[in-house]
Amino acid sequence: MGAIIETGYPKLAAKGRLKYDKVREKHLLLLPEKVVVLNETAASILALCDGTQSVQTITETLRASLEIRDTAAFPTFDKMVADVTKFVMDMTEEGWVVIQHEKTS
Amino acid sequence: MKRQVEPPFSLLAELTHRCPLHCPYCSNPLEMALKEQELSTEDWCRVLTEAAEMGVVEVHFSGGEPLLFPNIEVLVEHANELEMYTNLITSGVGLTEEKVYELKEAGLANVQVSFQAADRELSNRIGGYKAFDHKRAIVEVIKEAGMHLSLNVVLHQLNLDQLDRIIQLAEEVGAERLELANTQYYNWALRNRDQLLPSREQIARAQKVYEAEKERLASKMEIIWVIPDYYAATPKPCMGGWGAIGLTVSPNGDVLPCPTAGMIKGLSFENVRHQSLSCIWYESDSFNRFRGEEWMPSPCRTCDLRHEDGGGCRCQAYALTGDATATDPACQWAPEHHLIEAAISGANDDMDRQEKPLVYRRHPSK
């Protein structure tokens, strides 16, 4: 699974829809008969799972959007790739993200 | 102190009680709303707008058969513009290829089609209508249209033994989700309980099939098993809690905490023709009646499981004991648990089991 994720392009499953809920001020993932309340990071990653970007690219975009803080607590790029990979794998197992072998939007 | 009430996530929009099928476990009330009493398209659009404004993000169009409601695609489109996730819960009857594409164009996210059994003969017998061949054909159209397909099958004595074939059918037609709903005994199902309630062995066999198939199909199809609560030691929580997660608007505009709550005499329900949805959700007596724990009877009040099951289902408590504040008799510690035990004992004793005819649900009539 790890290898597929490294070379593939994650895409939100067709059944899922992302929504920013103004009432609750939360990002949501809407699924048949299920609503998942997302934290900011999860929502940012899922929004980038559009079938055209690899985990590597997603991490770069994510990193660029973060304010660079010059502290030891700021994760290295490799650590972030590992975290995003883990998250995408979890989402894949839930069936909310699919890994495509070729870029499609 | 005023209780903190969270906004609802989902709306079950029961557009009509009219239905071509006559399933003997129908969850619609015994007294159904007439066509003349149904809300109009304009009413529903207003209800959807109000729902979205108060935080509803998923809407399930149901019935009866929602396709008998004129202009359903207008409602789907409106809900979609409000950024709600739209789901159609249908028998499939009335769905044509043209309609499928119309609904897709309107933004429908998910189609849930009911099947009554795995084969034509039994499916048509249970539904009281020759619908199987059409259902079988239309789910393929839904898949061809690239839409997300769910299947729903209500399980009971007459079809539990063919569960493997039911799952096979769902796999064959490419359903992404299969809801195996063990019958919940309200309204028509309660009337037919003797004919529908399975034996303990039958449930155990079916549950084994479900567990094995769920594992086999893990990456391919999501399978949901709605617990047979007569055979569970603890009751099911009422829809995630009374007035906690979702609300139902019935065909005549009455707003209910769950689809069956209308059966509870002594509770009066507000109507969207006279009050805003938000006012009903937050302020009405019917929605506040069983929120929190103050209403709970003994033994629920001091039970460790009260946060999980909330005392069980209010409709079941009312249907079986006549008291909506009683502990759900499905609970092993309920004072009235003997009512469930008696029903189970009948279902497990061959000598007791008589060939009674099914009472099919009828059309709404004056």
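Please refer to the structure placed before this passage.
To start, this report covers the structure provided alongside it. (Residues numbered from 1 in each chain as written. Chains lettered and ligands numbered in written order. Predicted model: local features only at pLDDT ≥ 70, side-chain atom pairs only at ≥ 80, totals over all residues. Heavy atoms only, no water.)

## Here's the deal with the sheet that holds strand 4 (residues 34–38) of chain A
Residues and elements named next belong to chain A. With antiparallel pairing, the 3 strands of this open sheet are ordered in space as 2-3-4. Two strands bound the open sheet, and with one partner strand each, they are strand 2 (17–21) and strand 4. Direction aside, the axes of adjacent strands within the sheet are offset by 30 degrees on average. The pairing of strand 3 (residues 26–31) with strand 4 spans 5 bridges and is antiparallel. Note that in strand 4 the partner of Leu29 across the bridge is Val36. (Pairing = 2+ DSSP bridges. Helix = DSSP H or I, 4+ residues; strand = E, 2+ residues; numbered from the N terminus. Axes fitted to C-alpha atoms, helices over the stretch in contact; angles between N-to-C directions.)

## A word on the pairing of strand 6 (residues 177–182) of chain B
Residue and element names in this part refer to chain B. Burial of strand 6 is extensive: 6 of the 6 residues sit out of reach of the surface. Alternating positions in strand 6 separate into two faces, Arg177, Glu179 and Ala181 on one and Leu178, Leu180 and Asn182 on the other, with burial throughout. Here 6 bridges tie strand 5 (residues 148–155) to strand 6, and the two strands are oriented parallel to one another. Across the sheet, residue Ser150 finds its bridge partner in strand 6, namely Arg177. One crossover worth recording links strand 5 to the parallel strand 6 by way of helix 6 (residues 163–172), and it is right-handed. One ladder, built from 5 bridges, connects strand 6 with strand 7 (residues 222–226); its direction is parallel. Paired with Glu179 across the strands is Ile224, a residue of strand 7. (Buried < 20%, exposed > 50% of the residue type's maximum accessible area, 1.4 Å probe, protein only. Right-handed = clockwise from strand over helix to strand, strands pointing away.)

## Structural notes on the layout of surface pockets
Estimates place the volume of the second largest pocket at around 930 Å³. If you go around the second largest pocket, you meet 34 residues; those closest to its centre are A:Ala13, A:Lys15, A:Gly95, B:His148 and B:Glu176. Mapped onto the lining of the second largest pocket, the elements with two or more residues apiece are helix 4 (77–94) and strand 5 (97–100) of chain A together with strand 7 of chain B. Grouping the amino acids of the lining of the second largest pocket by side-chain chemistry returns 15 nonpolar, 6 polar and 13 charged. (1 Å grid on protein atoms, 1.4 Å probe; cavity = no way out; pocket = protein on both sides within 12 Å on 5 of 7 lines; lining within 4 Å. Points joined across faces, edges and corners; volume = space filled by probe spheres on them. Nonpolar A, V, L, I, M, F, W, Y, C, P; charged D, E, K, R; others polar.)

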